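Below, each chain spelled out in residue letters.
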Amino acid sequence: KDGSTITPDGHEPWISCKESLIKVHNVRGCIDAILVGAQTVIKDNPRLTPRGNIKPKRIPLRVVLDPNLITPINSNIYQKDAKTLLVHSNKLNANHFSCESIGLKIQNDTFDLKELLTIISHSYEVTNIIVEGGAATIQEFISQNLACELWFFKSKNNTNCSEYTDMNKMIKKIPKTCILEQSS
């Protein structure tokens, strides 16, 4: 409700409902890639695979933006249950990770995400991608004008934390013509 994705003590509560979780896993089984930032891997240790009682049409490529190679090499996302692509600074070597990796130039403390999308569309045949976060990664896709559809699952509860990205402020910056609200 307050737009935060984390509580003051650093806990990241499950902020959505069972129906949104089912929807996310169904969508994961239909898309080509899922992208997250390093902090999401560190804090959530996600698998980013379709799970539950669904029959996925495909297993998406998992893409991790980790410019400084700070994610633990034993994270769930680097396990062999799905293909993972690690995107890091071209000044670092990622040979110690057990997945494919590409080094990109960092400009103004970020990757050129359009360049990244071009690379993965050509090299991995990715035609659609979900950016599951975190907040800073989502914000970067929005600021580089690369988000064509946004889904926000909001809780009715407050986290009472204001030191992290306020998703409500991010949503307010989106033109009203782009927002279709649905309640669950």
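This write-up is about the structure you can find in this document. From a predicted model like this one, the values you see are computed outputs, not experimental measurements.

Let's talk about the overall build of the chain
For step 1, the next point in the chain: For the chain, the count of helices and strands is five helices and seven strands.
For step 2, the next point in the chain: Across the 184 residues that make up the chain, the buried fraction comes to 38%.
For step 3, the next point in the chain: For the chain, the proportion of contacts with a sequence separation of at least 24, taken over those separated by at least 6, is 60%.
For step 4, the next point in the chain: Of the roughly 11500 Å² of accessible surface on the chain, 49% is carried by carbon and sulfur atoms.

Things to note about the environment of Phe111
For step 1, the next point in the chain: Structurally, Phe111 can be placed in strand β6 (residues 110-111).
For step 2, the next point in the chain: Between the C-alpha atoms of Phe111 and Leu65, which are 46 residues apart in sequence, the distance is 8.6 Å.

Considering the pairing of strand β3 (residues 84-89)
For step 1, the next point in the chain: The element β3 is extensively covered by neighbouring structure, given that six of its six residues are classed as buried.
For step 2, the next point in the chain: Note: strand β2 (residues 61-65) against β3, four bridges, orientation parallel. Bridge pairing in β3 links Val63 to Leu85.
For step 3, the next point in the chain: Bridging between β3 and strand β4 (residues 100-104) involves five bridges; their strand directions are parallel.

A look at the sheet that holds strand β1 (residues 33-37)
For step 1, the next point in the chain: Reading across the sheet, the five strands line up as β4-β3-β2-β1-β7 and stay open at both edges, with parallel pairing between neighbours. The two strands at the open ends of the sheet, each matched to only one other strand, are β4 and β7 (129-133). Going across the sheet, the axis of each strand differs from the next one's by a mean of 25°, ignoring polarity.
For step 2, the next point in the chain: Seen against the sheet, helix α3 (residues 113-123) touches β1, β2, β3, β4 and β7 and runs at an angle of roughly 145° to β4.
For step 3, the next point in the chain: Lying over the sheet, helix α4 (residues 135-143) contacts β1, β2 and β7, oriented at roughly 135° with respect to β7.

A closer look at the environment of Thr40
For step 1, the next point in the chain: Looking at where Thr40 falls in the secondary structure, it is placed in helix α2 (residues 38-44).
For step 2, the next point in the chain: Residues within four places of Thr40 in sequence aside, it is in contact with Asn45, Pro46, Gly133 and Gly134.

Thresholds, definitions, all that
- Per-chain numbering applies: the sequence of each chain, read as written, is numbered from 1 onward.
- Only residues with pLDDT of at least 70 are given local features in this predicted model, and only at 80 or more are side-chain atom pairs given and counted; all residues enter the totals for whole chains, interfaces and linings.
- Each side-chain value is derived from all of the structure's non-hydrogen atoms; neither hydrogens nor water enter the calculation.
- Numbering of helices and strands runs from the N terminus, with a helix taken as a DSSP run of H or I at least four residues long and a strand as a DSSP run of E at least two residues long.
- For the exposure calls, accessible area comes from a 1.4 Å probe over protein chains only, and a residue counts as buried if that area is under 20% of its type's maximum, exposed if over 50%, partly exposed in between.
- By definition, residues are in contact when any of their heavy atoms lie within 4.5 Å.
- Using the Shrake-Rupley algorithm and a 1.4 Å probe, accessible areas are obtained, with residue cover drawn only from the displayed protein chains.
- Pairing between two strands is assigned when DSSP locates at least 2 bridges connecting them.
- For helices, the fitted line uses only the C-alpha atoms of the stretch in contact; every axis is such a line through C-alpha atoms, and the angle between N-to-C directions lies from 0 to 180 degrees.

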